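Here are the chains, one letter per residue:
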Amino acid sequence: MIEQLKFLALDLKRWKITSIKDLFYMIFEQAIWGTVFYRISRALFLIDVPIVKIFLRLIAFFIFKFSESILGVAIRPATEIGPGLYIGHAGMVMVNDEVKAGKNLSIGPGVLIGMRGGGSLGAPVIGDDVYIGVGAKILGKITVGNNVRIGANSVVVGNVPDNVTMFGVPAKIVGPVFSFRKKKE
């Protein structure tokens, strides 16, 4: 439980607050509340005390349903996501409970991460420092490497190596990871 609170602190740290205006915006941003509710429900879900666990998981489920219905962020308590989760904006973000994701996962609105359907089983395993653009879909029992960028509205149905940018339907590698940061000379 304490680990999830530490993760929440790292999640909130990704929102750059440099002024009172930024803090005000952060307090009223639905995506942040979706992240907070996910971490709280996850913390309750992980408490493994007999009998009490049943009630805590029920509370975690209701928190999840509130977040899904009101905020548009549907990340189930059983989903394993590392520290540094960043949801840019709320807007029907759906993550299957079998998904495993590393640290510094960035998700845009309209993203779906889960199973392929049609009887296929298994959900994606996502590495560290992954950006998933608006409306992208990551489906099936696949692995997404570290330091990957997935473009808007892309559909990823196959394994993705480290340090690449993916784009298209179905998504294909379009090059190495592009960075907006200036290189040190």
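1. Observations regarding the overall build of the protein chain
Phase 1: Helices and strands together make up the secondary structure of the protein chain, namely 4 helices and 15 strands.
Phase 2: Against the 2.2 N^0.38 benchmark of 16 Å for 185 residues, the protein chain shows a C-alpha radius of gyration of 17 Å, consistent with a compact globule.
Phase 3: Along the first, second and third principal axes, the C-alpha atoms of the protein chain reach 50 × 50 × 25 Å.
Phase 4: Looking at the 185 residues of the protein chain, the share that counts as buried comes to 43%.
Phase 5: Considering only contacts in the protein chain between residues 6 or more positions apart, those separated by 24 or more positions represent 36%.
Phase 6: Counting every atom, the protein chain has about 10,500 Å² of accessible surface; 65% of that belongs to carbon and sulfur.
Phase 7: Averaging the locations of the 22 positively and 13 negatively charged side chains of the protein chain gives two centres separated by 3 Å.

2. A short note on the packing of helix H1 (residues 2-13) against helix H3 (residues 30-46)
Phase 1: As a packed pair, H1 and H3 sit with axes 9 Å apart at the nearest point and diverge in direction by 165 degrees. With respect to their mutual orientation, H1 and H3 come out roughly antiparallel. Handedness of the H1/H3 crossing: right-handed. Contact residues: H1 offers Gln 4, Phe 7, Leu 8, Asp 11 and Leu 12, while H3 offers Ile 32, Thr 35, Val 36, Arg 39, Arg 42, Ala 43 and Leu 46.
Phase 2: Residues belonging to the contact of H1 with H3 are distributed by class as follows: 7 nonpolar, 2 polar and 3 charged.

3. As for the sheet that holds strand S10 (residues 137-139)
Note: strands within a sheet are paired through backbone hydrogen bonds, in either parallel or antiparallel orientation.
Phase 1: Read across the sheet, 5 strands follow the order S1-S4-S7-S10-S13 without closing on themselves; strand pairing throughout is parallel. With one partner strand each, in any of the chains shown, strand S1 (73-75) and strand S13 (155-156) form the two edges of the open sheet.
Phase 2: Note: S10 against S13, 2 bridges, orientation parallel. Among the inter-strand pairings, Lys 137 is bridged to a residue of S13, identified as Val 155.
Phase 3: Against the sheet, helix H4 (residues 52-71) touches S1 and strand S4 (93-95), its axis set at about 150 degrees to S1.

4. Here's the deal with the pattern of salt bridges
Opposite charge on two side chains makes pairing possible when the charged atoms of those side chains draw close.
Phase 1: Counted by the stated rule, this structure contains 4 salt bridges.
Phase 2: One salt bridge in this structure joins Lys 65 and Glu 68, with 2.7 Å as the shortest N-O distance. With Lys 65 and Glu 68 both in helix H4, this residue pair falls 3 residues apart, about one helical turn.
Phase 3: Close ionic contact of Lys 100 with Glu 80 constitutes a salt bridge, the shortest N to O distance being 3.8 Å. Of the two residues, Lys 100 is situated in strand S5 (residues 100-101) and Glu 80 in strand S2 (residues 80-81); the sequence distance between them amounts to 20 residues.

5. Brief notes about the environment of Asn 146
Phase 1: With respect to the helices, strands and loops of the structure, Asn 146 is situated in the loop between strand S11 (143-144) and strand S12 (149-150).
Phase 2: For Asn 146, a relative accessible area of 34% gives the class partly exposed.
Phase 3: Excluding residues within four positions of it along the chain, Asn 146 makes contact with Gly 127, Asp 128, Asp 162 and Asn 163.

6. Concerning the packing of aromatic side chains
For any two aromatic rings, the description comes down to two numbers: the centre-to-centre distance and the angle of the planes.
Phase 1: According to the stated counting rule, one finds 7 aromatic pairs in the structure shown.
Phase 2: Look at Phe 61 and Phe 64: their rings are 6.2 Å apart centre to centre, the planes differ by 50 degrees, and that puts the pair in the tilted class. Of this pair, Phe 61 and Phe 64 both sit in helix H4, 3 residues apart, roughly one helical turn.
Phase 3: Of the aromatic side chains, those joined through ring pairs into one cluster are Trp 15, Tyr 25 and Tyr 86.
Phase 4: Geometry around Phe 45 places Arg 57 over its ring, the cationic atom sitting 4.0 Å from the centre.

7. A closer look at the nonpolar core
Phase 1: If you look at the biggest cluster of nonpolar residues, it comprises 36 residues, and the most contacted ones within it are Leu 105, Ile 113, Ile 126, Ile 132, Ile 138, Val 144 and Ile 150.
Phase 2: Per element, the largest residue contribution to this core is 4 residues, and it comes from H3.

The rules we used
Residues numbered from 1 in each chain as written. Predicted model: local features only at pLDDT ≥ 70, side-chain atom pairs only at ≥ 80, totals over all residues. Heavy atoms only, no water. Helix = DSSP H or I, 4+ residues; strand = E, 2+ residues; numbered from the N terminus. Rg over C-alpha atoms; globule rule 2.2 N^0.38 Å. Buried < 20%, exposed > 50% of the residue type's maximum accessible area, 1.4 Å probe, protein only. Contact = heavy atoms within 4.5 Å. Areas by Shrake-Rupley, 256 points an atom, 1.4 Å probe, with all protein chains shown as cover. Lys, Arg positive; Asp, Glu negative; His and termini not counted. Charge placed at Lys NZ, Arg CZ, Asp CG, Glu CD. Axes fitted to C-alpha atoms, helices over the stretch in contact; angles between N-to-C directions. Parallel < 35°, antiparallel > 145°, perpendicular 65-115°, else oblique. Left-handed = near helix turned anticlockwise from the far one by under 90°. Nonpolar A, V, L, I, M, F, W, Y, C, P; charged D, E, K, R; others polar. Pairing = 2+ DSSP bridges. Salt bridge = Lys/Arg side-chain N within 4 Å of Asp/Glu carboxyl O. Phe/Tyr/Trp six-rings, centres within 6.5 Å; stacked < 30°, edge-to-face > 60°. Lys NZ or Arg CZ within 6 Å of the ring centre and 35° of its normal. Core = buried A, V, L, I, M, F, W, Y, C linked by side-chain atoms within 4.5 Å.

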